[in-house]
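Inside the fold
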Number of protein chains: 2
Amino acid sequence: MPYELFYWDGIQGRGEFVRLALEDAGAEYRDVAREPDGMETMMACLKGQDGMGVPPFAPPFLKDGDQIISHVANILHYLAPRLGLVPDVEALRAEAHGMQLTITDFVAEVHDTHHPISTADYYEDQKDEAKARTAAFLKHRVPKFVGYFDRLLAVSAERGVKRGDGADQAFALGDRFTYVDLSLFQIAEGLAYAFPRALANFDDAYPHVAAVRETVRQRPGIAAYLASDRRLAFNQNGIFRHYPELDQIAY
Amino acid sequence: MPYELFYWDGIQGRGEFVRLALEDAGAEYRDVAREPDGMETMMACLKGQDGMGVPPFAPPFLKDGDQIISHVANILHYLAPRLGLVPDVEALRAEAHGMQLTITDFVAEVHDTHHPISTADYYEDQKDEAKARTAAFLKHRVPKFVGYFDRLLAVSAERGVKRGDGADQAFALGDRFTYVDLSLFQIAEGLAYAFPRALANFDDAYPHVAAVRETVRQRPGIAAYLASDRRLAFNQNGIFRHYPELDQIAY
């Protein structure tokens, strides 16, 4: 039975982190809300009208038979051993999950760059505050978060050299590719879309993250996905948005 | 060997969700940063100087022997089966973890009520924005999040009545007490500290959450903890802060 992913139609958003794992692994899945009448199906789930019990707080959520799993990091934690995207060892799963939860926090901060006051109001009604929040985000938070992952990948690379096993690519969890690397790809892609001017030096500043992004782009499952119409384009309704007035170099 | 919790000294903060689980279960643990020279030990860990490899992104993190687990929800996911605070069944652990991740998101929003623009700046330098964000938080986000958990507990209670097994208390995961209930206690306590005026009607609005709070308060491990000097008071450096100018009734 295929996995059933439930996420808002029309945006990459948080659901994209799950799609990337499913696509990389070549897993069978349905992207339910994007099917005909799919939004109605998803809204019925969220209202608890489908008999599945207490509904999740919000999309994305995944159905695997009778099991419902909510929140991106929880879904990836559940799926990854099944998809071969993390070793099925508790210690390594917990390590990867901790990294993914750091990415989760970062994604929330990306969202708040354009909605620093209220998600109930339009961006246009909080534009001044968005400029201030985005300036702080670009100056402090991008270096803190992306810099962290770049250092982490650098440590992996050093260890690979020491091992001398010829591994020429470092991943978040060491020499083993995991779903965390897929998520780092999505972060790098999203930042490049949202802040092409402010982060023009991204590849120089974060060379190890940039290398992972390129490796991910060339993986067969991802390359096929990116070339398909299943990959939605970034747009102004998602988490990563491009507003030229926010995309300013931080001093 | 006792668990070693690493979290900033002087505040409840995010570490408190982990402390509550350890205390409720009567687990042996060290609160490392609160010991003499403990902050130096924690900072050395965060700089990767303790030989444990790639450091966590931020406190809290837990050491269990050689294993490091970072992020509150990840720590609770790891600890809870060991402490008897969740059934050791993947489906139920995933359900509880999804709930805890919703609480995680809410806690981040609580933090941003007083720091809507930048964590690098003082509250006083973003007070106007904090007023606007807090008004939206109290009007939209508290009802959305806390209301969600109240409905979830109401469903649990209905099921308990249908089962007719005499269970007079509903918990987040049904008739079984878990760490999620401990976290709901902390949410309710924190909101009462931060917004006594704006949320004066909390118990009427969210009676099931209020009931869980009272149940938790009377659990032997928690009652002993709350009466001890291990329980720090809420203060103006933590996640939940009381600023009278933010504690305004939302219309």
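Residues numbered from 1 in each chain as written. Chains lettered and ligands numbered in written order. Predicted model: local features only at pLDDT ≥ 70, side-chain atom pairs only at ≥ 80, totals over all residues. Heavy atoms only, no water.

Describing the overall build of chain A
Looking only at helices and strands, one finds nine helices and four strands in chain A. For chain A, the succession of helices and strands along the chain, N to C, is β-α-β-α-β-β-α-α-α-α-α-α-α. The C-alpha atoms of chain A give 18 Å as radius of gyration, which agrees with the globular expectation for 251 residues (18 Å, within 12%). With respect to the three principal axes, the spread of C-alpha positions in chain A is 55 × 50 × 30 Å. Across the 251 residues of chain A, 57% fall into the buried class. Across chain A, contacts joining residues at least 24 apart in sequence account for 69% of those joining residues at least 6 apart. If you sum the accessible surface of chain A, you get close to 10,500 Å²; carbon and sulfur atoms cover 49% of it. (Helix = DSSP H or I, 4+ residues; strand = E, 2+ residues; numbered from the N terminus. Rg over C-alpha atoms; globule rule 2.2 N^0.38 Å. Buried < 20%, exposed > 50% of the residue type's maximum accessible area, 1.4 Å probe, protein only. Contact = heavy atoms within 4.5 Å. Areas by Shrake-Rupley, 256 points an atom, 1.4 Å probe, with all protein chains shown as cover.)

Quick look at the sheet that holds strand E2 (residues 29-31) of chain B
Residues and elements named next belong to chain B. Within the open sheet, the four strands sit side by side as E2-E1-E3-E4. Their pairing is mixed. Since the sheet does not close on itself, it has two edges, and those belong to E2 and strand E4 (67-70), each with one partner. The average angle at which neighbouring strand axes cross in this sheet is 20 degrees, direction not considered. In terms of strand pairing, strand E1 (residues 3-6) meets strand E3 (residues 61-64) through three bridges, oriented antiparallel. Along E3, the bridge assignment pairs Leu5 with Leu62. Along the sheet, helix H2 (residues 38-46) contacts E1 and E3; its crossing angle with E3, the most-contacted strand, is approximately 90 degrees. (Pairing = 2+ DSSP bridges. Axes fitted to C-alpha atoms, helices over the stretch in contact; angles between N-to-C directions.)

As for the relation of the copies chain B and chain A
Overlaying chain B with chain A gives an RMSD of 0.0 Å, the required rotation being 180 degrees about an axis along which the chain moves by 0.0 Å. The two molecules are tied by a two-fold rotation axis, judged by turn and shift. Of the C-alpha atoms belonging to chain B, the one lying closest to the rotation axis is found on B:Pro116, 3.0 Å away. (Least-squares fit on C-alpha atoms with pLDDT ≥ 70 in both.)

Re the packing of aromatic side chains
Here the structure, examined in full by the defined rule, presents 24 aromatic pairs over all chains. When the ring of B:Phe6 is compared with that of B:Phe61, the centres are 4.7 Å apart and the planes differ by 5 degrees; the resulting orientation is stacked. Within this pair, whereas B:Phe6 is found in strand E1, its partner B:Phe61 is found in strand E3, the two being separated by 55 residues in sequence. Comparing B:Phe6 with B:Phe61, the two get one shared label, buried. Seen from the ring of B:Phe57, A:Lys144 lies directly overhead, with NZ or CZ sitting 5.2 Å from the centre. (Phe/Tyr/Trp six-rings, centres within 6.5 Å; stacked < 30°, edge-to-face > 60°. Lys NZ or Arg CZ within 6 Å of the ring centre and 35° of its normal.)

Focus: the confidence of the model for chain A
Of all residues in chain A, 96% attain a pLDDT of 70 or more, and the chain-wide mean is 94. With a pTM of 0.97, the predicted complex shows an ipTM of 0.96. (pLDDT = per-residue confidence, 0-100.)

Some details on the interface of chain B and chain A
Chain B puts 39 residues into the contact, and the matching count from chain A is 39 residues. Taking both partners together, chain B and chain A bury about 3,400 Å²; carbon and sulfur atoms supply 58% of that area. Sorting the residues of chain B by area buried against chain A places B:Val54, B:Phe57 and B:Ile117 first, and these three jointly supply 20% of that buried surface. Linking chain B to chain A there are four salt bridges. For the pair chain B and chain A, the interface holds 20 residue pairs in polar contact (both at pLDDT 80 or more). When residues of the side of chain B that touches chain A are traced back to their parent elements, those giving at least two are E4, helix H3 (72-83), helix H4 (90-114) and helix H5 (127-163) of chain B. Considering each element in turn, the side of chain B that touches chain A owes the most residues, 12 residues, to H5(B). (Buried area = accessible area lost by both parts, 1.4 Å probe. Salt bridge = Lys/Arg side-chain N within 4 Å of Asp/Glu carboxyl O. Polar contact = N/O pair within 3.5 Å; in protein donor to acceptor, adjacent residues only side chain to side chain.)

Focus: the sheet that holds strand E4 (residues 67-70) of chain A
Adjacent strands of a sheet pair through backbone hydrogen bonds, lying either parallel or antiparallel. Residue and element names in this part refer to chain A. One open sheet holds the four strands; their spatial order is E2-E1-E3-E4, and the pairing between them is mixed. The outermost strands of the open sheet, each flanked by one partner alone, are strand E2 (29-31) and E4. Put simply, the sheet's adjacent strands are angled 20 degrees from each other on average, direction ignored. In this sheet, E4 lies alongside strand E3 (residues 61-64) in antiparallel orientation, the contact comprising four bridges. When the bridges of E4 are listed, Lys63 appears paired with Ile68.

Things to note about the environment of A:Ser183
Residues and elements named next belong to chain A. As for its position among the elements, Ser183 is in helix H6 (residues 179-194). In this structure, the C-alpha to C-alpha distance between Ser183 and Thr104, residues 79 residues apart in sequence, is 9.6 Å. When residues no more than four places from it in sequence are discounted, the contact partners of Ser183 are Phe17, Leu76, Gln100 and Ile103.

Section: the domain arrangement of chain A
Residues and elements named next belong to chain A. Examined at the domain level, chain A breaks down into domain 1 (3-83) and domain 2 (90-219). For domain 1 versus domain 2, the distance between C-alpha centres works out to 23 Å. Between domain 1 and domain 2, the residue contacts involve 15 residues of the former and 16 residues of the latter. Taken together, the two surfaces of domain 1 and domain 2 that pack against each other cover about 1,300 Å², and 67% of this comes from carbon and sulfur. When the buried surface of domain 1 facing domain 2 is broken down by residue, Phe17, Asp24 and His77 rank first, second and third, together holding 42% of it. Our count for the contact surface shared by domain 1 and domain 2 stands at one salt bridge. At the surface where domain 1 touches domain 2, the tally comes to three residue pairs in polar contact (both at pLDDT 80 or more). Within the residue set of the side of domain 1 that touches domain 2, elements represented by two or more residues are helix H1 (15-25) and helix H3 (72-83). At eight residues, the largest contribution of residues to the side of domain 1 that touches domain 2 is made by H3. (Domains from an automatic or database assignment.)

Describing helix H8 (residues 207-217) of chain B
Residues and elements named next belong to chain B. Those residues of H8 not exposed but buried are Val209, Ala210, Val212, Arg213 and Val216. For H8, the angular spread of the buried residues around the axis is 160 degrees, confining them to a single face. For H8, the elements touching its buried residues are H5, helix H6 (179-194), helix H7 (202-205) and helix H9 (220-226). (Arc of directions from axis to C-beta.)

Details of the environment of A:Tyr122
Relative to the helices and strands, A:Tyr122 is located in the loop between helix H4 (90-114) and helix H5 (127-163). Each C-alpha atom of the pair A:Tyr122 and A:Ile187 lies 24 Å from the other, and the pair is 65 residues apart in sequence.

Here we look at the pattern of salt bridges
If charged atoms from side chains of opposite charge come close, those side chains can pair. In the structure shown here, the tally under the stated rule is 36 salt bridges over all chains. A:Glu90 is paired through a salt bridge with B:Arg82; the nearest N and O atoms lie 2.9 Å apart. Here A:Glu90 is found in helix H4, whereas its partner B:Arg82 is found in helix H3 on a different chain. When its relative accessible area of 38% is taken as the criterion, A:Glu90 is described as partly exposed. Across the pair B:Arg217 and B:Glu214 runs a salt bridge whose closest N-O atoms are separated by 3.2 Å.

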